[in-house]
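# Summary of structural features
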Amino acid sequence: MPATILIGTQWGDEGKGKVTDWLANDMDLVVRYQGGHNAGHTVIADGHELKLHLLPSGILHPNIISIIASGLVIDPKALIKELDEVAEIGIGSPNLVLSANAHLIMPYHRLLDQASELKLGSSKIGTTGLGIGPAYTDKASRVGLRVQDLLDMKIFREKLEVALIFKNQVLTKIYDAEPLDVDEIVDEYKGYAERLNGIIGDASRIINDSLDEGKNVLLEGAQGMMLDLDYGTYPFVTSSSPIAGGACVGAGISPLRVKRIIGIAKAYTTRVGAGPFPTELEDATGELMRKVGVEFGTTTGRPRRCGWFDAVILKYTAKINGLTEIALTKLDVLSPFETLKICVGYEYEGKVYDYMPCHQTVFHGAKPVYEEVEGWNTDISDIATYDALPKAARAYVDRLQELIGAPITMISVGPSRDQTILR
Ligand code: GDP
Ligand code: IMO
Ligand code: MG
């Protein structure tokens, strides 16, 4: 059985959690392949609203094996908190595996993330402040501590001592912060090690063996295409690779294993944090989108910036990721609008780009070229079939599909599992 990859096509929060949970019915394994607890994936099931940060969205299905793969950075305190939270509402995690190769977020990562944002002032990235960037930096610099270091606290201490020589210099001399103490961190992480010991395993072997056995594997991306370290709006990006290629690296599987790549796209666009956003609406229309779509960050609670659907971005995403299909979410949120706009190009200094310009100056200064289409102006959140959607809603979906060049096979009209239309 080939693997399926599910990715965010915009700046995150497209509804990946809902769609993963929906697809999980047919899956044997659900794997998170990158990012950390900067992600916030909402799943609504059996009357509970769960906000998952590190746990794969398959966790609600007791028969599924949930895997936190090697490509992630793990704050063990955050993971334990999340495990406790789901246990409180009766969701166990007997089938959870945490990759021994995933990297650990350490207390200095969090401090350095926040201190760097403060120092950057108005140039800040608007990170979640959870230590994601500094943890990935240490991984690439080959000075990171990994989950498997929790299995041998002697090695853990040795690595930490080396790391702290540098980190304490930076904390005290550059950021005027207090130095960190080796013993205190070892004590804290020893507790996490005792708790997590039983779930640490060889994630990539389990995933590959499962594929060999013909099992269905879903790879759940966090963040989204435009936050990708290489292909997003650098430097206003996250420090990992949410794109489909990143799934193979993060999970440790061959690209030849993948058959289906599903892009999750919101029917409009949102972004949290700083950085360019051509179709952003800083007016009453944007306010209404935020209110109706309840666009507030799942992880940080920050209001999300809102704007019209950007088909240039989706066309770019479809190419870079080889999307085989698209799930269009939150179509219901556009119901209050008389007319809708779709961005089909960018105008910059007299030239129109109908593709993603590679020069940042063009993207930062891009004026959207819009196509205006009719709205449907009626509630669609109870509609269960494509044909029952108002004509204008079907025309909107068809036009997006035509512009993107990949089939829209799933339409979401509300946060619950049953508010999903297949076509
Ligand atoms: P993710 O990070 O991509 O998993 O998305 P988030 O969970 O951060 O944000 C998506 C939000 O939209 C969540 O609150 C979902 O419950 C909600 N949601 C998902 N699909 C729909 C939909 O079709 N309509 C509406 N109104 N809300 C949705
Ligand atoms: P999900 O998986 C939306 C954004 C942050 C910031 C930038 C870098 O729920 O879609 P970081 O802390 O990662 O170094 O911050 O990335 N960001 C997200 N925005 N959804 C997310 O995850 C995000 N994860 C990070 O707001 O702009
Ligand atoms: Mg989210």
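The sections below set out a description of the structure shown in this document. Keep in mind the model is a prediction, meaning the values are calculated, not measured.

What counts, and where the lines are drawn
- Residues numbered from 1 in each chain as written.
- Chains lettered and ligands numbered in written order.
- Predicted model: local features only at pLDDT ≥ 70, side-chain atom pairs only at ≥ 80, totals over all residues.
- Heavy atoms only, no water.
- Helix = DSSP H or I, 4+ residues; strand = E, 2+ residues; numbered from the N terminus.
- Buried < 20%, exposed > 50% of the residue type's maximum accessible area, 1.4 Å probe, protein only.
- Polar contact = N/O pair within 3.5 Å; in protein donor to acceptor, adjacent residues only side chain to side chain.
- Contact = heavy atoms within 4.5 Å.
- Donors = N, O, S within 2.8 Å, 3.2 Å for Na, K, Ca; no water.
- Near = heavy atom within 4 Å.
- Areas by Shrake-Rupley, 256 points an atom, 1.4 Å probe, with all protein chains shown as cover.
- Nonpolar A, V, L, I, M, F, W, Y, C, P; charged D, E, K, R; others polar.
- Domains from an automatic or database assignment.
- Pairing = 2+ DSSP bridges.
- Axes fitted to C-alpha atoms, helices over the stretch in contact; angles between N-to-C directions.

### Thoughts on the side chain of histidine 61
Its location among the elements puts histidine 61 in the loop between strand 4 (48-52) and strand 5 (65-68). Overall, the relative accessible area of 11% leaves histidine 61 in the buried class. Here the side chain of histidine 61 touches aspartate 21 through a polar contact of 3.0 Å, side chain to side chain. Other than its neighbours up to four places away in sequence, histidine 61 contacts Asp21, Ala24, Asn25 and Arg417.

### A short note on the coordination of the magnesium ion (ligand 3)
The coordination sphere of the magnesium ion (ligand 3) contains the protein donors Asp13 (OD) and Gly40 (O), at a distance range of 2.0 to 2.2 Å. Here aspartate 13 is found in the loop between strand 1 (3-8) and helix 1 (16-23), whereas its partner glycine 40 is found in the loop between strand 2 (29-32) and strand 3 (41-45), with 27 residues between them in sequence. Residue classification places glycine 40 among the buried positions, given a relative accessible area of 10%.

### Here's the deal with the site of ligand 1
Within the structure, ligand 1 sits among 18 residues, and Lys16, Thr42, Thr298, Asp332 and Ser412 are positioned closest to it. Residue aspartate 13 places a side-chain N or O atom 3.0 Å away from an oxygen atom belonging to ligand 1. For ligand 1, an oxygen atom lies 3.1 Å from a polar atom in the backbone of glycine 414. Alone, ligand 1 offers 590 Å² of accessible surface; in the complex the protein occludes 92% of this. Of all the secondary-structure elements, those providing two or more residues to the shell around ligand 1 are helix 1 and strand 3. In terms of residue count, the dominant contributor to the shell around ligand 1 is helix 1 (3 residues). Residues that form the shell around ligand 1 fall into these classes: 3 nonpolar, 8 polar and 7 charged. Taken domain by domain, the makeup of the shell around ligand 1 includes at least three residues from each of domain 1 (3-100 + 199-262) and domain 3 (264-422).

### Brief notes about the sheet that holds strand 1
Neighbouring strands of a sheet are bound in pairs by backbone hydrogen bonds; such pairs are parallel or else antiparallel. An order of 9-7-5-2-10-1-11-15-19-20 is seen for the 10 strands of this open sheet, with the pairing classed as mixed. With partners counted over all chains shown, the strands left at the sheet margins are strand 9 (200-201) and strand 20 (420-422), one partner each. Inspection of the sheet shows strand 7 (residues 96-99) paired to strand 9 by 2 bridges, in the parallel sense. Bridge assignment links serine 99 to a residue of strand 9, and that residue is glycine 201. Against the sheet, helix 1 contacts strand 1, strand 2, strand 10 (217-220), strand 11 (258-266), strand 15 (325-329), strand 19 (408-412) and strand 20, and its axis sits at roughly 160° relative to strand 1.

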